[in-house]
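Okay, here's what each chain looks like letter by letter:
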Amino acid sequence: MKCGIYAATGIGKQPWHFTVLQNRELMDRITAANRELMLKSPTEAVKKWASQPAFDSWHGALIAIIVSSDGSQYATMDCANATQNMAVAAKSLGLGSCYMAAPCVAFRQSEHKDLLEALGIPEGYTPLVALAVGYTAEDPIPRVPRKENSVNYVR
Ligand SMILES: Cc1cc2nc3c(=O)[nH]c(=O)nc-3n(C[C@H](O)[C@H](O)[C@H](O)COP(=O)(O)O)c2cc1C
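Predicted, not measured: the structure shown is a model, and the values here were computed from it.

What am I meant to see in the site of the ligand here?
Near the ligand, the surroundings consist of Trp49, His59, Cys98, Tyr99, Met100, Ala101, Ala102, Pro103, Arg143 and Arg146. Between the ligand and arginine 146, the relevant distance is 2.6 Å, taken from an oxygen atom to a side-chain nitrogen or oxygen of the residue. Contact with the protein chains covers 51% of the free accessible surface of the ligand, which is 630 Å². Put simply, the parts of the chain that give the shell around the ligand at least two residues each are strand S3 (96–100) and helix H5 (102–107). Looking at the shell around the ligand, the element that brings in the most residues is S3, giving three residues. A class-by-class count of the residues in the shell around the ligand yields seven nonpolar, one polar and two charged.

So what exactly am I meant to see when it comes to the nonpolar core here?
One broad trend across soluble globular proteins is that nonpolar side chains are buried collectively. Within the largest apolar cluster, 18 residues are counted, with the highest numbers of intra-cluster contacts made by Leu21, Ile30, Trp58, Ile66, Phe107 and Leu119. When contributions to this core are tallied by element, the ones reaching two or more residues are helix H2 (24–38), strand S2 (63–69), H5, helix H6 (113–119) and strand S4 (126–134). A total of four residues in this core trace back to one element, the largest contributor, which is H2. One finds Ala90, Leu128, Val129 and Leu131 within the second-largest nonpolar core, a separate group that totals 14 residues.

Conventions adopted
- Residues numbered from 1 in each chain as written.
- Predicted model: local features only at pLDDT ≥ 70, side-chain atom pairs only at ≥ 80, totals over all residues.
- Heavy atoms only, no water.
- Near = heavy atom within 4 Å.
- Polar contact = N/O pair within 3.5 Å; in protein donor to acceptor, adjacent residues only side chain to side chain.
- Areas by Shrake-Rupley, 256 points an atom, 1.4 Å probe, with all protein chains shown as cover.
- Helix = DSSP H or I, 4+ residues; strand = E, 2+ residues; numbered from the N terminus.
- Nonpolar A, V, L, I, M, F, W, Y, C, P; charged D, E, K, R; others polar.
- Core = buried A, V, L, I, M, F, W, Y, C linked by side-chain atoms within 4.5 Å.
- Buried < 20%, exposed > 50% of the residue type's maximum accessible area, 1.4 Å probe, protein only.

Shown next as structure tokens:
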């Protein structure tokens, strides 16, 4: 958490709220909301993934850290910085993590206001990204090859 809250923020605003969720019942309620939304996706692969009986937004992790934004000018970048910092910190502590956006999209649906309340997210903050954190069950799959020509140098 320290590595998250010490991420750089535009004009030093710290425009976020962090929720460390260690409650499986609530994590499962978020998965259910996420699944409902994914089943409406126009993308077949997304629907197929959500249809799996074992579908879990959190990939079986014990902890989810939800990063909520106050919606100010640089908040999206700041919350992303904090999330990436925490992912790197988790790795350095021997943990695995998964950076994710989809579960937070589910919160933005008005019918899931109860989830925001249950999570104690302060008024004026909207969940933006989440980080599932846990011990990895398997070695990471090989990294996807990086796109070529994504860097140019000007000297
Ligand atoms: C902004 C962002 C959103 C993501 N959202 C999700 C998600 O909702 N669910 C999920 O399982 N993984 C999510 N991921 C994880 C990615 O799909 C991918 O597994 C991860 O970034 C590792 O990719 P790499 O192999 O290129 O490093 C997200 C990653 C990022 C950076």
